[in-house]
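Notes for the structure review
Spelled out from the first residue to the last, the chains are:
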Amino acid sequence: MESNQALIDNIKFQFDISKKLLEYHLDSLSQDEYLWRSPNCGLYIQKINGNWYANFPEHENYELGTPSVAWTLWHITFWWKMVFNHSFGNGTLTKEDIDVYENVESVKISINSLIERWQEKLDSVTEEELYSKSYSEFPFDNTVEFHKLAAWLNLELMKNASEIGYVRFEYASYRN
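Let me begin by describing the structure that accompanies this report. (Residues numbered from 1 in each chain as written. Predicted model: local features only at pLDDT ≥ 70, side-chain atom pairs only at ≥ 80, totals over all residues. Heavy atoms only, no water.)

Here the focus is helix α1 (residues 2-27). In this model, α1 (26 residues) spans 36 Å end to end at C-alpha, consistent with the 38 Å of a helix rising 1.5 Å per residue. Close packing links the buried residues of α1 with α3 (69-88), α4 (104-124), α5 (127-131) and α7 (146-175). (Helix = DSSP H or I, 4+ residues; strand = E, 2+ residues; numbered from the N terminus. Expected span 1.5 Å × (residues − 1). Contact = heavy atoms within 4.5 Å.)

Set out below in structure tokens:
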């Protein structure tokens, strides 16, 4: 159907814009910026007993402070891997299973892999999948159609990319 193609084209268009903003902020991201914690830093990653962990908030109130770039990139891998596993896999993945990377280059590789997988999914989505609620287990408990999950993913990616940009501006002004 023509309307189905228009819907998937719109989702792909939104994804492309979100992806480009993320790539803009990631391309020149340094290791120092990646691990830097703002004086207002809330959520971050840390090394405990030789292993890296990401904080996971019990709430999302403003007083948490600014998340670090490293935490935000972990968060992107968290929700994206959860979508893949719970919507198209066996649904057993938990937040504790999501790798926390000490090295910025490792997280860039992981993010690029997720981008490629998502593009492949969008390129191969069927009309049935587009309207199926069975592909939205995470985070919607199968209450919305796949196309709405895809729209949410685009929004979440754009939001997280913007947060990374904000912290990079803060880092640059703090360093001067």
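Further remarks concern the side chain of glutamate 33. The topology assignment puts glutamate 33 in helix α2 (residues 31-35). Not counting residues within four places of it along the chain, the set of residues in contact with glutamate 33 comprises Ser28, Val69, Arg168 and Tyr171.

Quick look at the packing of α4 against α7 now. Any two packed helices are characterised by the angle at which their axes cross and by the distance between the axes. The contact between α4 and α7 brings their axes to 13 Å, and the two run at 150°. Judged by the angle between their axes, α4 and α7 are roughly antiparallel. Considering the relative orientation of α4 and α7, their crossing is left-handed. For the pair formed by α4 and α7, the contact residues are Trp118, Lys121 and Leu122 on the first element and Phe146, Leu149, Ala150, Leu153 and Asn154 on the second. In terms of residue class, the contact of α4 with α7 is built from six nonpolar, one polar and one charged. (Axes fitted to C-alpha atoms, helices over the stretch in contact; angles between N-to-C directions. Parallel < 35°, antiparallel > 145°, perpendicular 65-115°, else oblique. Left-handed = near helix turned anticlockwise from the far one by under 90°. Nonpolar A, V, L, I, M, F, W, Y, C, P; charged D, E, K, R; others polar.)

What follows covers the pairing of strand β1 (residues 45-48). The sheet contact formed by β1 and strand β2 (residues 51-54) spans four bridges and is antiparallel. In the sheet register, glutamine 46 faces β2, and the bridge partner there is tyrosine 53. Here β1 hands over to β2 after two residues, with asparagine 49 in that stretch at a positive phi of 50°. (Pairing = 2+ DSSP bridges.)

Take the packing of aromatic side chains next. Tallied over the entire structure, the rule returns 15 aromatic pairs. For the ring pair phenylalanine 56 and phenylalanine 78, a centre distance of 5.4 Å and an interplane angle of 70° mean the geometry is edge-to-face. Separated by 22 residues along the polypeptide, phenylalanine 56 in the loop between β2 and α3 and phenylalanine 78 in helix α3 bring together distant segments of the chain. A relative accessible area of 39% places phenylalanine 56 in the partly exposed class. Accessibility expressed as a relative area gives 8% for phenylalanine 78, which makes it buried. Each ring, one from phenylalanine 88 and one from tyrosine 135, has its centre 5.2 Å from the other, and the planes form 20°; the classification is stacked. Of the two residues, phenylalanine 88 sits in helix α3 while tyrosine 135 sits in the loop between α5 and α6 (137-140), which places them 47 residues apart along the sequence. Given the relative accessible area of 29%, phenylalanine 88 is considered partly exposed. Following the ring pairs from residue to residue traces out a cluster consisting of Phe15, Trp79, Trp80, Phe140 and Trp152. The residue whose ring lies beneath arginine 37 is tyrosine 44, and the NZ or CZ to ring-centre distance is 3.5 Å. (Phe/Tyr/Trp six-rings, centres within 6.5 Å; stacked < 30°, edge-to-face > 60°. Buried < 20%, exposed > 50% of the residue type's maximum accessible area, 1.4 Å probe, protein only. Lys NZ or Arg CZ within 6 Å of the ring centre and 35° of its normal.)

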